[in-house]
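Here's the letter readout for the chains.
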Amino acid sequence: MGADVVETPRSPAAGAAVPDRPVTPPAGLSAAQVAERVAAGRTNTSTVRTSRTVGEIVRSNVLTFFNGLLAALWVVAVLTGRWQNALFGMVVVANAGIGIVQELRAKRTLDRLAVLNAPTARVVRGGTVAEVAVAGVVLDDLLEIRAGDQVPADAVVRTATGLAVDESLLTGEAEPVAKEPGDLLWSGAIVVAGRGRAQATAVGDDAYAARLATEARRFSTTFSELVAGTNRLLRWIAVVLVVVAPAVLWSQFRSAENVGWREAVTGTVAALVGMVPEGLVLLTTLAFMVATLTLARRQTLVQELPAVEGLARVDVVCLDKTGTLTHGDVRFDRLERLGEGSGPGDDAVRAGLGTLVAADAANATAVALAQAFPPGPAAVQVVPFSSARKWSAARTEAGATWVLGAPEMVLPSAGPGAAATARARADELAAQGRRVLLLACSPAAPVVSGEDAALPGELVPVALVVMAEHVREDAAEVLGYFTAQGVALKVISGDNPRTVGAVAAAVGVPGVAGAADAVDARTLPEDVDELGAVVEDASAFGRVTPHQKRAMVRALQRRGHVVAMTGDGVNDALALKDADIGVAMGNGSPATRAVAQLVLLDGRFAHLPAAVAEGRRVIANIERAANLFLVKNVYSLVMALITVATLTAYPLAPVQLTLISTVTIGIPGFFLALLPNRRRYVPGFLRRVLRFSVPVGLVTGAAAYGGYAATRWLEPGAGVAGARTTATLVVVTVALWTLVVLARPFTVAKTALIAAMAGVAAVVVLVPPLGEGIVLLDPSLQVVLVAAAVAVPAVVLVELVARAGDVPAVQPGGGASSATRTSA
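Residues numbered from 1 in each chain as written. Predicted model: local features only at pLDDT ≥ 70, side-chain atom pairs only at ≥ 80, totals over all residues. Heavy atoms only, no water.

### Some details on the overall build of the chain
Along its length, the chain carries 28 helices and 23 strands. Within the span of the chain, comprising 824 residues, buried residues form 56% of the whole. Put simply, of all contacts in the chain between residues at least 6 apart along the chain, 74% involve residues at least 24 apart. Here the chain has roughly 31,700 Å² of accessible surface; of this, 60% comes from carbon and sulfur atoms. (Helix = DSSP H or I, 4+ residues; strand = E, 2+ residues; numbered from the N terminus. Buried < 20%, exposed > 50% of the residue type's maximum accessible area, 1.4 Å probe, protein only. Contact = heavy atoms within 4.5 Å. Areas by Shrake-Rupley, 256 points an atom, 1.4 Å probe, with all protein chains shown as cover.)

### A closer look at the sheet that holds strand β12 (residues 391-396)
With antiparallel pairing, the six strands of this open sheet are ordered in space as β10-β17-β14-β13-β12-β11. Where the open sheet ends on each side, the last strands, each with one partner, are β10 (331-337) and β11 (379-383). For this sheet, the mean angle separating the axes of adjacent strands, direction not counted, is 20 degrees. Taken together, the six bridges between β10 and strand β17 (residues 460-468) define a ladder with antiparallel strand orientation. (Pairing = 2+ DSSP bridges. Axes fitted to C-alpha atoms, helices over the stretch in contact; angles between N-to-C directions.)

### A look at the packing of aromatic side chains
Summed over the entire model, instances satisfying the criterion amount to four aromatic pairs. Ring centres of F332 and F373 lie 5.2 Å apart, and the angle between their planes is 75 degrees; on these two criteria the pair is classed as edge-to-face. You can see F332 sitting in strand β10 and its partner F373 sitting in the loop between α13 (364-370) and β11, a full 41 residues away along the chain. (Phe/Tyr/Trp six-rings, centres within 6.5 Å; stacked < 30°, edge-to-face > 60°.)

### Concerning a nonpolar patch on the surface
Together, W74, V75, V78, L79, L249, F253 and W261 line one region of the surface with nonpolar side chains, adding up to about 660 Å² of accessible area. For the nonpolar patch, the element with the highest residue contribution is helix α3 (residues 65-79), accounting for four residues. Within the fold, L249 resides in helix α7 (residues 225-254). A relative accessible area of 38% places L249 in the partly exposed class. (Patch = residues over 30% accessible without salt bridge, like charges linked within 9 Å, V, L, I, M, F, W, Y side chains within 5 Å. Salt bridge = Lys/Arg side-chain N within 4 Å of Asp/Glu carboxyl O.)

### Some thoughts on the sheet that holds strand β8 (residues 300-302)
If you trace the eight strands from one edge of the open sheet to the other, you get β8-β23-β22-β21-β9-β18-β20-β19, paired in mixed fashion. Taken across any chain shown, the strands that pair with only one partner, and hence form the sheet edges, are β8 and β19 (519-520). With respect to the sheet, helix α17 (residues 497-506) is in contact with β18 (488-492), β19 and β20 (540-542), its orientation differing from that of β20 by roughly 150 degrees.

### Thoughts on the pairing of strand β22 (residues 581-585)
Of all five residues in β22, five are buried, a share of seventy percent or more. Alternating residues of β22 divide into I581, V583 and M585 and G582 and A584, and every residue in both groups is buried. Looking at chain direction, strand β21 (residues 563-567) and β22 are connected through four bridges and run parallel. Each bridged residue has a counterpart across the sheet, and for G567 the counterpart in β22 is A584.

### Notes on the pattern of salt bridges
All told, the structure shown has 27 salt bridges when counted by the stated rule. Between E408 and R543 there is a salt bridge, and its shortest N-O distance comes to 2.3 Å. Residue E408 is found in helix α14 (residues 407-410), and its partner R543 is found in the loop between β20 and α19 (546-558); the two are separated by 135 residues along the sequence. Its relative accessible area of 6% is what places R543 among the buried residues. In this structure, R435 and D495 form a salt bridge, with 3.3 Å as the shortest nitrogen-oxygen distance.

### Topic: unusual backbone geometry
The omega torsion across R744 and P745 is -10 degrees, close enough to zero to call that bond cis. Mapped onto the elements of the fold, P745 is located in the loop between α25 (719-743) and α26 (748-766). With a phi angle near 60 degrees, Q299 is a residue other than glycine that sits in the positive phi range. Topologically, Q299 is positioned in the loop between α9 (280-297) and β8. Positive phi is not limited to glycine here, since L647 has a value of about 55 degrees.

### Quick look at the side chain of S661
Within the secondary structure, S661 sits in helix α23 (residues 654-674). Setting aside anything within four residues of it in sequence, one finds S661 in contact with E278, K632 and G666.

Function-wise, these values are silent; they only describe arrangement.
Pasting the structure below:
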């Protein structure tokens, strides 16, 4: 006699019709039928890609607005006949080449890791259940699905035992949907209870989830403050270029200092090249890439690049207990009989547990119990375990109903007698950090009404099933790291509150001293503001349902927190998706891994601090690099506006800007973007960059023009070449000091970097073939003295701006990254 399905069907969408396809037999497709469908292209391969192709990578690094502008300016510079002034074209080639090479490296590494994390599906073929890649599912395959799976393709249910799915990732509806034979399943839905078999009716790009990804793009990516801020800067700079370029061109042709069109064009090219942030996008991308590769070497798969940065912004971490604080391998410990010899005998109890285990084999607890309890009599009615009910039931032909679940859920109102004794003993074991289940028996059947199932009456507690969990050896150290970093910790678990409290206290969660300090989630308010206040104050919660986990994450976000959620079970999937950063264990359910931004492939929670450190390094170092680039854009704009107003030649030649960019921005910016940095996340990236870069750029630009004008006035014989030499020396000096300010506090590596850049600049100035022959400098004692007289006050002003501004100090140390290439 087959097991009854205890839930009633509900259509996944109004008006959804079951596709008219021949029914696949219970033995599944034959090998010939599978081969026929593969040859016809009716497989589950989707054109929706998670990473860019080689062609897309090349195009994105080459065909950009700024690269196009620089290429056009390079052509114009070549036409002037001074090859030195076209050297900035090397920057375009270097930026594109480095970006392409590094992104291809990252793509290869991440694609290999993605294969390790790729989900699989169980299919029935030729009468045998086989595990294949999701892309290997073909049309009409008979899928075997169970709790924790994510449905790989659109399908129609053929058999079901208590099957229920959560479609909220697709539809937004919060409640699980029961499924019976004949009902539709959508790809992307998560199986939350029961098991069944379903025939694939739409695969690949025809499946619902693929259509959503292609048409509606409903799956949002992680917000990146760095990317958003950088994009805003680039838009502003592009607008400025469009507005200023015609005015600069007009002024250079009107300037009496420019003799002929070549000088006018050269000055215009220099002004526009200086306002192009040629390496900022590259450095931002490379910083993310290097962080991603560093984490990949530590078995942490980053599924969305901005997630590295997002984790550094997190100020609350919500932790599932099982599989995160403890090892996920729950094991049977012992069976404690209740009732002092009364009730069913030991053989009957073991047979009852065997029936429950066989009836709900997909449940993680059932898997652990299966090793100790062989299958018992077949069940005629099954209520599978769900995270919302927290109990399962199976009724045998002999008329006995066995119920296994959380003691307080199986015996919600424990009066005097056996029930009170059972609850007291369960609480005592839970306070020791044990995971305890109550086995009860009843002659009555479970009461099923629609999608709900109620406990049978006349339940008698029979035994306590004690499960063993081991706290991770590194859990206390990891939580101590987060506590020291000012990150609040919230342990959110479906287990008994006393068990949760005991484990949380054992690993040192602040605010949890013992088992009694955990909050029973059944007492939590439904109002989001009231819930937020409770979650803010407490640190450990037990008996939390999947939708409560989701509500708690949202409540914290509503109160202004950036929330990370870690978990491994299907009951964590919804909360992981809604959290700012979702972190899944590599040994967790496919559904959880699918929605997470980070996957700890080896399941080690200890990798999380390294991920936070990488995110902090990215944020802090990109901020330093952005300051360097934007200072150059501002002082270039200042000099351009002054030349428009005064109708003088532009104070720098293109090749001189190339030297300045290389030694004060490109090379140091690249290394600083990849060096270790432990500075904590500070909100306001764009505001802080502007507060530093604009005044420093104004000082530098004014000083550069001041040096140029002073030389023209004091040393008329020096000409435009001598005045540009003064401006070059002033800008190099002030820009190097800006680098000194942004590199603090000093380490050996940063000190060596600054000294090397200053040495390169000095060599270029002092060696005539370099300075005069290539960089077009015309140094003299008078020029150097004027430059020094102007640069020293400007350096003092830069120091004052830095001390009065909002530039956080950078801290040495943190996760190391190596830089193997340089860029301007």
